[in-house]
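# Survey of secondary and tertiary structure
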Amino acid sequence: MISESVLNLNRNGSAIRAMFEEGTKMIKEFGKENVYDYSLGNPSVEPPKEVKEAMLSVLTSEEPNAVHGYMNNAGYEDVRAAVAAHLNKNFGTAFQARNILMTVGAAGGLNVILKVLVNPGDEILTFAPFFGEYRNYVNNFNGKLVTVPTDPETFTPVAEKLLEAITPKTKALIINNPNNPTGVVYSEETIQSIAAVLSAKEKEYGTSIYLIADEPYRELVYDGVSVPYLTKYYKNTIVGYSYSKSLSLPGERIGYLVMPDELDDAEEIIPGAAVANRVLGFVNAPSLIQRTIMNCLDASVDVEIYNRNRELLYTKLTEYGYTCIKPQGAFYLFVKAPGGDDKVFVQEAKKYHLLVVAGSGFGGPGYIRIAYCVDYDMIVRSLPAFESLAKEFGLK
Ligand code: PLP
């Protein structure tokens, strides 16, 4: 008999993955042109050409042991130094190689830092709606995920709600900016209010409350908004970054954690993260892609492609009567489910070959998530389906 926890995971499955698999089946039945799959946050934009060039140059390097071998569990020293220098240049920070741990994507980084921080029963806070996998990651270490509601109109964090949610058992707050699933970007003012609450509560309880900044969408922003770099606002901040979305490399599994020297217990956390990377079975982040990204730290995908999708979909859906915030980051629209029940709407949408994901899985019941990291032409083809659904649900 397998473990209870995996039995539960099997039973509950991932709504996103289930929808993606359903899409694959539907494509076989109805043809690719006639299925509109908005389920998965899989980047549709090609990685920048520098990535391929850098990868080829690493592979053809004559240097012995330049790649493929075991290394320090934290990653290659020169790669970590280059990442630190890149951050210092962009954000005016003062990180060194020791502050960086190369990870197996954002997911790997989050699991590593939770392994380092969480004792059974510790509470990990996050603002809802949130990336549903956080629940599983926190469960991996027998922690308790506690969700904190945001402003129902804007999905931005509310300081008073955070204040109410913190207890002496609160070990960390995971904050995801820009946000999946809402596409909202938290402003500097919001970040300052969060930092003030955390600092006050640390003082009150005499504990350390870590802020874990999950930032795979940092560069995917529109309308000129900027995303505050959180280590500047709050001492106990650990940043988790990933190249999955910013360079369209989710299958390569590469990212990093930033653990500043200023952290309480930095002298334990930093070596602890390297050990956690090893004992969780990652051992180290993949070597070829570590070396590759070192040579394209300034590269980026063409965000304008996502922006064009965002504009079209947002304009048309609101024209048809759907209600949604115009997202300023990531590549998701979080739309009020017509009729009020997200699960019912998702089932109904399938009849029009539209695949979207119920907000319930993100702690946002009554909403659906539409991932617009898709071909523009697919959006155009899908519009009549959205319009028919709107009519069916009596919008406008
Ligand atoms: N965090 C958020 C908010 C995400 O949306 C995702 C992936 O979609 C991840 C973490 C995991 O990213 P990675 O593929 O880098 O592990």
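As a reminder, the structure under discussion sits directly above these lines.
Residues numbered from 1 in each chain as written. Predicted model: local features only at pLDDT ≥ 70, side-chain atom pairs only at ≥ 80, totals over all residues. Heavy atoms only, no water.

## Structural notes on the packing of aromatic side chains
- Tallied over the full model, the rule gives 19 aromatic pairs.
- Measuring from ring centre to ring centre gives 5.6 Å for Tyr 217 and Phe 331, while their planes differ by 85°; the resulting arrangement is edge-to-face. Residue Tyr 217 is found in the loop between strand 6 (210-214) and strand 7 (237-242), and its partner Phe 331 is found in the loop between helix 12 (303-320) and strand 9 (332-336); the two are separated by 114 residues along the sequence. Pair check on accessibility: Tyr 217 and Phe 331 agree, each one buried.
- An aromatic cluster of at least three residues, connected via ring pairs, comprises Tyr 38, Tyr 322, Phe 345, Phe 386 and Phe 393.
- Lying over the aromatic face of Tyr 76, Arg 291 brings its terminal NZ or CZ to 3.8 Å of the ring centre.
- Against the face of Tyr 376 rests Arg 308, its NZ or CZ located 3.7 Å from the ring centre. (Phe/Tyr/Trp six-rings, centres within 6.5 Å; stacked < 30°, edge-to-face > 60°. Helix = DSSP H or I, 4+ residues; strand = E, 2+ residues; numbered from the N terminus. Buried < 20%, exposed > 50% of the residue type's maximum accessible area, 1.4 Å probe, protein only. Lys NZ or Arg CZ within 6 Å of the ring centre and 35° of its normal.)

## Describing the site of the ligand
- The immediate surroundings of the ligand are formed by 14 residues, with Asp 214, Tyr 217, Ser 242, Ser 244 and Arg 253 found nearest.
- For the ligand, an oxygen atom lies 2.7 Å from a polar atom in the side chain of Ser 244.
- A distance of 2.9 Å separates an oxygen atom of the ligand from a polar side-chain atom of Lys 245.
- Protein contacts shield 91% of the accessible area of the ligand, which totals 390 Å² for the unbound molecule.
- Every element with two or more residues in the shell around the ligand is listed here: helix 5 (105-117) and helix 9 (243-246).
- The biggest single contributor to the shell around the ligand is helix 5, with three residues. (Near = heavy atom within 4 Å. Polar contact = N/O pair within 3.5 Å; in protein donor to acceptor, adjacent residues only side chain to side chain. Areas by Shrake-Rupley, 256 points an atom, 1.4 Å probe, with all protein chains shown as cover.)

## With respect to the environment of Glu 219
- Within the fold, Glu 219 resides in the loop between strand 6 and strand 7.
- Under the relative-accessibility criterion, Glu 219 is labelled partly exposed at 35%.
- Remark: the alpha-carbon pair of Glu 219 and Val 67, spanning 152 residues in sequence, is separated by 28 Å.

## Topic: the side chain of Asp 37
- Inspection of the secondary structure assignment puts Asp 37 in strand 1 (residues 36-37).
- Within the buried set, Asp 37 has no salt-bridge partner at all; the shortest N-O distance to an opposite charge, 8.4 Å, is to Lys 32.
- Here the side chain of Asp 37 touches Ser 39 through a polar contact of 2.6 Å, side chain to side chain.
- Residues within four places of Asp 37 in sequence aside, it is in contact with Phe 20, Gly 23, Leu 355, Val 374 and Met 378. (Lys, Arg positive; Asp, Glu negative; His and termini not counted. Salt bridge = Lys/Arg side-chain N within 4 Å of Asp/Glu carboxyl O. Contact = heavy atoms within 4.5 Å.)

## Description of the nonpolar core
- Judged by nonpolar contacts, the single largest core of 58 residues is most densely connected at Val 83, Tyr 243 and Ile 293.
- When neighbours within four sequence positions are excluded, Tyr 243 is seen to be in contact with Val 83, Ser 248, Leu 249, Ile 254, Gly 255, Tyr 256, Ile 293 and Leu 297.
- Tyr 306, Leu 354, Ala 371 and Ile 379 belong to the second-largest nonpolar core, a separate cluster that totals 44 residues. (Core = buried A, V, L, I, M, F, W, Y, C linked by side-chain atoms within 4.5 Å.)

## Description of the sheet that holds strand 12 (residues 367-371)
- With antiparallel pairing, the three strands of this open sheet are ordered in space as 9-12-11. Taken across any chain shown, the strands that pair with only one partner, and hence form the sheet edges, are strand 9 and strand 11 (357-358).
- For strand 9 and strand 12, the ladder comprises five bridges, and the chain directions are antiparallel. By the bridge assignment for strand 12, Leu 333 is matched with Ile 370. (Pairing = 2+ DSSP bridges.)

## As for helix 3 (residues 49-59)
- Within helix 3, the full set of buried residues consists of Val 51, Ala 54, Met 55 and Val 58. One side of helix 3 carries all its buried residues, which in axial view fall inside an arc of 100°. Facing away from the buried side of helix 3 by over 90 degrees, the exposed positions are Lys 49 and Lys 52.
- Where helix 3 is buried, its residues contact helix 11 (287-294). (Arc of directions from axis to C-beta.)

## Some points on the sheet that holds strand 2 (residues 100-103)
- The strand order 2-8-7-6-5-3-4 describes an open sheet built from seven strands, whose pairing is mixed. The open sheet has two free edges, formed respectively by strand 2 and strand 4 (144-149), since each of these has just one partner strand. When strand polarity is set aside, the average angle formed by the axes of neighbouring strands in this sheet is 25°.
- Two elements, strand 3 (residues 123-128) and strand 4, share six bridges in a ladder whose sense is parallel. Within strand 4, the position partnered with Ala 128 by the bridge is Pro 149.
- On the sheet, helix 8 (residues 188-205) packs against strand 3, strand 5 (170-176) and strand 6 and is oriented at approximately 175° with respect to strand 5. (Axes fitted to C-alpha atoms, helices over the stretch in contact; angles between N-to-C directions.)

In short, the description is geometric, and any link to function would need to be established separately.
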